[in-house]
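What follows is the residue order along each chain.
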Amino acid sequence: MASLITKAVIPAAGLGTRFLPATKAMPKEMLPVVDKPAIQYVVEEAVAAGLRDVLMITGRNKSALENHFDRVGELEATLLQKGDSDRLRKVNFSTDLAEVHYLRQGDPLGLGHAVLRARMHVGNEPFAVLLGDDLIDERDPLLTRMLQVQAERNASIIALLEVEPAMANHYGIATVEPTDAEDLVRITGLVEKPAEGTQPSNLAIIGRYVLRPEVFDVLERTRPGKGGEIQLTDALQELASDDSIAGGVYGVVFRGRRYDTGDRLDYIKAIVQLAVEREDLGPDLRPWLKEFSDGLD
Ligand code: UTP
């Protein structure tokens, strides 16, 4: 069944405190992963899944985001003059990629609050939410699968990843029931960052969602939760607890390649993983990396 969804919402208004001081004057979504800002991978993923209408929820320092998806006349003219068509193509690619809209969150009151700000733009139709913290390899089209499931089940869909038990307190964690599809589970409960040893499963929510618009009504009444923030997970827990509100919540269990750029160590790993696979960098990086690691204790 084909999806009729056209809109993607990308919250990019968090304070990015784990990356200070790099994020003092720019959003963490603009941090480069090899040679592209994280947000560009995410917009490319949305477009590849057929979603060209992109709403970014921005905070302070939004100009870097806007500039990245806009023309830069002086740079283009210089590259043109030099005959550097390869780099010119790269510069223009992000400009022409999607129809990008911007909306300020105001105070960064949490991911749930950022998503709620999209209500007017989205209207009364299902939509996707993509977080810049999680990069999904383009060879493993998770979002396309989620859109397909949404069209079939007419529910809200989240993406789940099996994590080590010791990591569960970093994520929203799901309680699930199997369905007739091998990669699909029905969500019966969700808890944000459970205390160590109390997690109901090892299935963690990662940053891709396809949501029914009823989530906005729930978010309107969702009170601050973990960390004093309005949590999207809490609103989804309400949708999951009563199928009659909006068809319940299903989880697609993702087993493909995902690169976590949310904290410093994982960010460094993501860059290395992606760079070794690149045709232009991998052949030189791989032998150097081997030699470097041999030299470590
Ligand atoms: P995070 O909690 O990972 O982002 O939110 P953060 O708060 O910026 O990170 P640290 O912990 O301070 O380093 C997940 C996603 O939700 C967005 C963030 O930009 C990120 O993409 N977000 C979070 C908002 O847009 N608004 C918020 O109020 C909170």
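So, a few notes on the structure that sits alongside this text. (Residues numbered from 1 in each chain as written. Predicted model: local features only at pLDDT ≥ 70, side-chain atom pairs only at ≥ 80, totals over all residues. Heavy atoms only, no water.)

Points about the pattern of salt bridges
When their charged atoms lie close together, side chains carrying opposite charge are able to pair.
Link 1 in the chain: In the structure shown here, the tally under the stated rule is 27 salt bridges.
Link 2 in the chain: Notably, a salt bridge pairs D243 with R186, separated by 3.4 Å at the nearest N-O pair. Of this pair, D243 sits in helix 10 (residues 243-246) while R186 sits in strand 10 (residues 184-192), placing them 57 residues apart in sequence.
Link 3 in the chain: Each of D35, R278 and D280 takes part in a single network of salt bridges with overlapping partners. (Salt bridge = Lys/Arg side-chain N within 4 Å of Asp/Glu carboxyl O. Helix = DSSP H or I, 4+ residues; strand = E, 2+ residues; numbered from the N terminus.)

Focus: the environment of T233
Link 1 in the chain: Looking at the element boundaries, T233 is found in helix 9 (residues 232-241).
Link 2 in the chain: Other than its neighbours up to four places away in sequence, T233 contacts L190, V191, E192 and I205. (Contact = heavy atoms within 4.5 Å.)

Section: empty space enclosed by the protein
Take a probe with the size of a water molecule and roll it over the atoms, and the empty space left behind shows itself.
Link 1 in the chain: This model, assessed by the stated rule, comprises one cavity of 30 Å³ or more.
Link 2 in the chain: By volume, the largest cavity is sized at about 50 Å³.
Link 3 in the chain: Taken together, F19, K28, E29, L31, A38, G132, D133, T261 and Y267 make up the full set of residues lining the largest cavity.
Link 4 in the chain: The class makeup of the residues in the lining of the largest cavity is four nonpolar, two polar and three charged. (1 Å grid on protein atoms, 1.4 Å probe; cavity = no way out; pocket = protein on both sides within 12 Å on 5 of 7 lines; lining within 4 Å. Points joined across faces, edges and corners; volume = space filled by probe spheres on them. Nonpolar A, V, L, I, M, F, W, Y, C, P; charged D, E, K, R; others polar.)

Looking at the side chain of D260
Link 1 in the chain: Mapping D260 onto the fold places it in strand 13 (residues 258-260).
Link 2 in the chain: In this structure the side chain of D260 is engaged in a polar contact, spanning 2.9 Å, whose partner is the backbone nitrogen of G262.
Link 3 in the chain: The contact partners of D260, leaving out residues within four places of it in the chain, are D133, D134, Y171, D266, Y267 and A270. (Polar contact = N/O pair within 3.5 Å; in protein donor to acceptor, adjacent residues only side chain to side chain.)

Examining the environment of D263
Link 1 in the chain: Inspection of the secondary structure puts D263 in the loop between strand 13 and helix 11 (264-277).
Link 2 in the chain: Its relative accessible area of 29% is what places D263 among the partly exposed residues.
Link 3 in the chain: Put simply, D263 and D133 are 130 residues apart on the chain and 8.4 Å apart in space, counted from C-alpha to C-alpha.
Link 4 in the chain: Apart from the residues within four sequence positions on either side, D263 is in contact with R18 and F19. (Buried < 20%, exposed > 50% of the residue type's maximum accessible area, 1.4 Å probe, protein only.)

Concerning the side chain of S156
Link 1 in the chain: With respect to the helices, strands and loops of the structure, S156 is situated in strand 8 (residues 156-162).
Link 2 in the chain: A polar contact is formed between the side chain of S156 and the backbone nitrogen of R212, at a distance of 3.0 Å.
Link 3 in the chain: Setting aside residues up to four positions removed in sequence, S156 forms contacts with V210, L211, R212, L239, A246, G248, V249 and Y250.

Things to note about the packing of aromatic side chains
Link 1 in the chain: Considering all chains together, one arrives at three aromatic pairs under this definition.
Link 2 in the chain: The interplanar angle of 5 degrees and the centroid separation of 5.0 Å between the aromatic rings of F127 and F216 together place this pair among those described as stacked. Highlighted residues: F127 in strand 6 (residues 127-130) and F216 in helix 8 (residues 214-221), separated in sequence by 89 residues. Residue F127 shares its accessibility class with F216, and that shared class is buried.
Link 3 in the chain: Considering the side-chain rings of W288 and F292, the 5.0 Å spacing of their centres and the 15 degrees angle between planes classify their relative orientation as stacked. On the criterion of helical spacing, the pair formed by W288 and F292 is a turn pair, its members being four residues apart in helix 12 (residues 282-294). (Phe/Tyr/Trp six-rings, centres within 6.5 Å; stacked < 30°, edge-to-face > 60°.)

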